[in-house]
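# Descriptive structure summary
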Amino acid sequence: MDLKPLITLLAIVNPLAIVPFFIHYTEGFSPAQRRRTIQVAAFSAFCVIAACALLGLQILDFFNISLQSFQVGGGMLLLISAMNMLNAQPAEAKPHTNDLEEGAEKAAAGSSIAVVPLTIPLLTGPASMSTVVIYADRAQTFWQHAALIGYGVVIGLATALCFALADPIARVLGKTGINVMTRLMGLILAALAVEVMADGLGKIFPVLVAR
């Protein structure tokens, strides 16, 4: 079984890095509200990954986009995400945006913040979506596609576990520990991003492939 898709997704999603956001957004929530937020966020993360695995290639066909071009674009997104993580930011973080403030306002208004912004874009944004589509194309059998969806289950469980243990994690690791983990994941992701881009460029420009 190829675990590279799972490793890549875990590096991108990296729920540990989202723990501080979760704590901030759910400040003042009752235990029941927190549990509900965790359940919705974990299930939403799974749904995004499963939908990309099942429908991503059909969407590319609809817009007449070649997978090779998508690999190069997706690889660039992965590399940008890796750079964010190397700077101890969430993979899907966007500079100079108000995600944190908007999430806090929604929480204060009593709205669910489990889907937006926790799941999209902080957990599963464009980089993770493009990664699933790229690996879905490489899946040749039913069981390989099923494994990819199964990895979505693992991501959902990892998200639920990290959020459920958010307070102990924050106490034990602290901001420094979370930043170190995020940077390590970023380094792994940068290497994977280069590999995805090189594969796509090699298919678009065969002359680049060494003979």
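Residues numbered from 1 in each chain as written. Predicted model: local features only at pLDDT ≥ 70, side-chain atom pairs only at ≥ 80, totals over all residues. Heavy atoms only, no water.

## Describing the overall build of the protein
Along the protein, the regular secondary structure elements total 9 helices and 0 strands. Going from N to C terminus, the protein has its helices and strands arranged as α-α-α-α-α-α-α-α-α. The buried share of the protein, taken over its 211 residues, is 45%. Restricting to contacts in the protein with at least 6 residues of sequence separation, those with at least 24 account for 86%. Counting only carbon and sulfur atoms, one obtains 68% of the accessible surface of the protein, whose full area is about 11,000 Å². (Helix = DSSP H or I, 4+ residues; strand = E, 2+ residues; numbered from the N terminus. Buried < 20%, exposed > 50% of the residue type's maximum accessible area, 1.4 Å probe, protein only. Contact = heavy atoms within 4.5 Å. Areas by Shrake-Rupley, 256 points an atom, 1.4 Å probe, with all protein chains shown as cover.)

## Notes on the packing of aromatic side chains
With the rule as written, the count across this model stands at 5 aromatic pairs. Look at F43 and F46: their rings are 6.3 Å apart centre to centre, the planes differ by 40°, and that puts the pair in the tilted class. Taken together, the residues span about one helical turn, with F43 and F46 both in helix 3 (residues 31-62) at a distance of 3 residues. For F46, a relative accessible area of 23% gives the class partly exposed. Where F142 meets W143, the ring centres are 5.1 Å apart and the plane angle is 75°; that geometry is what we call edge-to-face. A residue is classified by how much of its surface remains accessible, and F142, at 60% relative accessible area, is exposed. (Phe/Tyr/Trp six-rings, centres within 6.5 Å; stacked < 30°, edge-to-face > 60°.)

## Description of the UniProt feature "transmembrane region" (unreviewed entry) in the protein
Within the UniProt annotation, "transmembrane region" (unreviewed entry) is assigned to residues 6-26, 38-59, 107-136, 142-166 and 178-198. With 96% helix and 0% strand, the stretch residues 142-166 has end C-alpha atoms that lie 36 Å from each other. (UniProt positions renumbered as here; feature names shortened; annotations may be inferred.)

## Thoughts on the pattern of salt bridges
Counted by the stated rule, this structure contains 4 salt bridges. For K4, the salt bridge is made with E195, and the minimal N-O distance between the two is 2.7 Å. One end of the pair, K4, is in helix 1 (residues 4-13); the other, E195, is in helix 9 (residues 166-204), with 191 residues separating them in the sequence. Here K4 falls in the partly exposed class, since its relative accessible area comes to 29%. In this structure, the salt-bridge partner of R138 is D199, at a minimum N-O distance of 3.6 Å. In this pair, R138 sits in helix 7 (residues 126-138) while D199 sits in helix 9, placing the two residues 61 residues apart along the sequence. Overall, D199 belongs to the partly exposed group, its relative accessible area being 28%. (Salt bridge = Lys/Arg side-chain N within 4 Å of Asp/Glu carboxyl O.)

## Regarding the environment of K203
Structurally, the position occupied by K203 is in helix 9. In this structure K203 comes out as partly exposed when scored by relative accessible area, which is 42%. For the pair K203 and S69, spaced 134 residues apart in the sequence, the C-alpha separation amounts to 9.1 Å. Filtering out sequence-adjacent residues up to four positions away, K203 remains in contact with Q68 and Q71.

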